[in-house]
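Chain by chain, the residues:
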Amino acid sequence: MGLLDGKKGIITGALDEQSIAWKVAEKAHAEGAQILLTNAPVALRMGKLNELAEKTGSQIVGADATSLEDLNKLYDVASEQFGKVDFLLHSIGMSVNVRKGKAYTDLNYDWLQKTYDISSISFHKMMQLAYQRDLFNEWGSIVALSYVAAQRTFPDYSDMSEAKALLESYARTFGYYYGKKAKVRVNTISQSPTPTTAGSGVKGFQEMLDFAEKMSPLGNATADDCANLCIMLFSNYTRRITMQNLYSDGGFSSMGVSPELLGA
Ligand code: NAI
């Protein structure tokens, strides 16, 4: 439909075909955008991202999203290639505590810092640098991906729950500053559990997926559904939607009880 004709954007976090960011990159390209792909150097070593870069005619820049130096280099390339950019997807999350099965009541606090640094503070860093460098065109759009554990208790989501709460808060507060400065909007999308590398790392993931499927009148939102919403938020049709957390969850977050789950 050409929803993003002429727009230029940066997409983080595409690891493989399952990644939500992978679908966003494919759709952004199909809708007419030019994109720059980035991921952590360790993820690039897998080599999968080259396929996506080829498919979408885009360049890849390795950047650890916790490193201001790396992010500055990423933005140098973006400025050289595009001048200014119109959209940014933050699709980055990782908890060592979750990955190593450390209990929430016995967190390793060094790892907790890492969780926040990678999953939340990186979002602030990406926005702060872009803000200071005046990287965005007016009416630009920034989106980060979140999960309903920011509002409700999902014990096995562990320290990622607070990481997502922080991420959503950054969208609201930075949304104010970026809106005032350059009419740039900042939103988060709270997505259903989705079978990806990051998602599957959570203990009992399959059970969470099944539970959410039964709890959601429309069923779980897929990575494709999430990508469609990202495209909508990057497009000109959502210019005055900002500082919001939008649920892409088939209705899950509004449910109280599900007759399907009660076996009724
Ligand atoms: P994924 O594993 O495909 O993507 C996560 C990405 O984060 C990977 O590409 C990884 O290389 C990148 N990453 C990790 N550390 C990094 C660092 N230091 N610097 C730069 N990149 C780094 O998994 P998925 O599910 O596509 O995750 C994308 C986002 O969606 C994450 O924020 C995740 O928390 C969120 N999300 C995922 C859900 C799910 O069930 N899969 C549900 C709701 C939100």
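Structure report, in brief. For clarity, every value in this text was computed on a predicted model and none was experimentally measured. (Residues numbered from 1 in each chain as written. Predicted model: local features only at pLDDT ≥ 70, side-chain atom pairs only at ≥ 80, totals over all residues. Heavy atoms only, no water.)

Of the regular secondary structure elements, the protein chain holds 11 helices and 7 strands. In terms of overall size, the protein chain behaves like a compact globule, its C-alpha atoms giving a radius of gyration of 18 Å where 264 residues would be expected to give roughly 18 Å. The C-alpha extent of the protein chain, read off along each of the three principal axes, is 55 × 40 × 40 Å. Taking the intrachain contacts of the protein chain between residues at least 6 apart in sequence as the baseline, contacts between residues at least 24 apart amount to 76%. (Helix = DSSP H or I, 4+ residues; strand = E, 2+ residues; numbered from the N terminus. Rg over C-alpha atoms; globule rule 2.2 N^0.38 Å. Contact = heavy atoms within 4.5 Å.)

What follows deals with helix α4 (residues 68-82). Taking 1.5 Å as the rise per residue, α4 with 15 residues should run 21 Å; its terminal C-alpha atoms sit 20 Å apart, in good agreement. Residues of α4 that are buried include every one of D70, L71, L74, Y75, V77, A78 and F82, and no others. In an axial view of α4, the angular spread of the buried residues amounts to 155°, which keeps them on one side of the axis. For α4, the exposed residues lying more than 90 degrees away from the buried face are E69 and E80. (Expected span 1.5 Å × (residues − 1). Buried < 20%, exposed > 50% of the residue type's maximum accessible area, 1.4 Å probe, protein only. Arc of directions from axis to C-beta.)

Residues separated by three or four positions in an α-helix point in the same direction, a consequence of the helix having 3.6 residues per turn. Turning to helix α1 (residues 20-30), its buried residues number three or more, namely I20, A21, W22, V24, A25 and A28. Downstream of α1 by one or two residues, G32 has phi in the positive range, about 100°.

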